[in-house]
Amino acid sequence: MRAMVLYDREKPFRLEERPEPRPGLGEAVLRVRAAGVGLTLVNMRLGRMGGSLPRVMGHELAGEIAAVGEGVSALSEGERCAVYFYLTCGRCRWCRGGRETLCENFAGYVGAHRDGGFADYVCLPAENFLPIPDGLSDEAAAVAADAVNTNWHCMRERARISPHDTVLLIGAGGGVGIHGVQVAKLFGARVIAADVSDEKLALARSWGAEETINVRAVDDVAAEARRLTGGRGVDAAVDYVGHGGTFQAAIDGLAISGRAVVIGVGTGRASIDPTGLVRTEQIVTGSRHSTRAELIETMEIMARGLVEPVIGMRVPLEEVESVFAALKDETLLGRGALTYA
């Protein structure tokens, strides 16, 4: 099979021919039909999410089951499935309580701690494969597996969006952010989109954002958010970038009882005034991917057409490096996607 292998974090992937994987006890093999490429993979490639090299990356995946190992009864060959990103134990209090992203025995990430799907086939624990509903394409299911389900968890559980809310999305034109615009609208919110270019902001408007902020054209994003809300501030702010400065803008732009949520993994720190939190009852928190149940829900809402995949670049597996270049240059509009022959 073909595999794009990373041997050096500073050098391009290498195309290799490898044997097709065989599933072990409790495992299954997926023939990959589609993969998403986004900023998480940039952080993973830089080593910010751990793992070792050489590695086949790729976690935002969909395809059909090609083989099942001993002890696997919940999957069958030919079944269409998407991949769940996290490697969890399924036994600790967090897993059993439906919050497996906080697993006490967390074993890492698909594509960082175990080979992922920038290859024709991927072998993973059977629990990491979830069925794709009828009516949802492989490409849409792959995008659901990170770019959309991350927002579903964030908007419902962490930012707690309601139809009364105005929401600031920082990085709204990126692969996760543009789907965040759709999910926030699904929850009834008014959306203010912030990003680095007019092209990305135009994309956000086309998917429902009512107001936009070009972060390179204003001195203070938080002040601009307050201006757009008549001085009140936003009810929630979601930071898809995760730098200290971007999250500081999210915090500083909040209204009374507002919620600032960071999703992105960047650099730097933000400061918090404890007395201000007491006075305003604001919430400052993070949001971590989604549960398996939330990924299933995400694919179901996408199969109903309530959220649509936004693909800004689509290339064959062998050309994955070009998507990383677009991510580095901040020119990719929406999500990158790989096609498999």
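Keep in mind it's a predicted model, so treat the numbers as computed, not measured. (Residues numbered from 1 in each chain as written. Predicted model: local features only at pLDDT ≥ 70, side-chain atom pairs only at ≥ 80, totals over all residues. Heavy atoms only, no water.)

What exactly am I supposed to notice about the sheet that holds strand 1 (residues 2-6) here?
Pairing between sheet strands relies on hydrogen bonds along the backbone, with the strands arranged either parallel or antiparallel. Reading across the sheet, the three strands line up as 2-1-4 and stay open at both edges, with antiparallel pairing between neighbours. Pairing within the sheet leaves two strands with one partner each, and these edge strands are strand 2 (14-17) and strand 4 (55-56). Where strand 1 and strand 4 come together, two bridges link them in antiparallel fashion. Bridged to Leu6 within strand 4 is Arg55. (Pairing = 2+ DSSP bridges. Helix = DSSP H or I, 4+ residues; strand = E, 2+ residues; numbered from the N terminus.)

Sorry, what's going on with the pattern of salt bridges here?
When the charged atoms of two side chains lie near each other, side chains of opposite charge can form a pair. Applying the stated rule across the entire model yields 23 salt bridges. Where Glu60 meets Arg335, a salt bridge forms, and the shortest distance between an N and an O atom there is 2.8 Å. Residue Glu60 is located in the loop between strand 4 and strand 5 (61-68), and its partner Arg335 is located in strand 18 (residues 335-339); the two are separated by 275 residues in the primary sequence. Per residue, the accessibility class of Glu60 equals that of Arg335, and both read buried. (Salt bridge = Lys/Arg side-chain N within 4 Å of Asp/Glu carboxyl O. Buried < 20%, exposed > 50% of the residue type's maximum accessible area, 1.4 Å probe, protein only.)

Whenever I open this one, the side chain of Asp165 confuses me. Can you help?
Residue placement: Asp165 occurs in the loop between helix 3 (138-158) and strand 11 (166-170). A distance of 2.8 Å separates the side chain of Asp165 from the side chain of Arg259, its partner in a polar contact. Those residues in contact with Asp165 that sit more than four places away from it in its chain are Arg160, Ala189, Arg190, Asp235 and Arg259. (Polar contact = N/O pair within 3.5 Å; in protein donor to acceptor, adjacent residues only side chain to side chain. Contact = heavy atoms within 4.5 Å.)

It is not clear to me how empty space enclosed by the protein should be interpreted in this structure. Could you clarify?
A probe as big as a water molecule, rolled over the atoms, marks out the empty space that is left. In the structure shown here, the tally under the stated rule is one cavity of 30 Å³ or more. Of the pockets and cavities examined, the largest cavity occupies roughly 50 Å³. For the lining of the largest cavity, the residue count by class is five nonpolar, four polar and two charged. (1 Å grid on protein atoms, 1.4 Å probe; cavity = no way out; pocket = protein on both sides within 12 Å on 5 of 7 lines; lining within 4 Å. Points joined across faces, edges and corners; volume = space filled by probe spheres on them. Nonpolar A, V, L, I, M, F, W, Y, C, P; charged D, E, K, R; others polar.)

Would you explain unusual backbone geometry in this entry?
Most peptide bonds take the trans form, and the phi angle of most residues other than glycine is negative. Each neighbour pair has its own omega, and for Leu53 with Pro54 the value is 0°, a cis peptide bond. Note that Pro54 resides in the loop between helix 1 (39-45) and strand 4. Positive phi values are uncommon outside glycine, yet Arg160 reaches one of about 50°. Looking at Arg160, the relative accessible area reads 57%, which means it is exposed. Backbone geometry places Glu330, a non-glycine residue, at a positive phi of 60°. Note that Glu330 resides in the loop between helix 10 (320-329) and strand 18.

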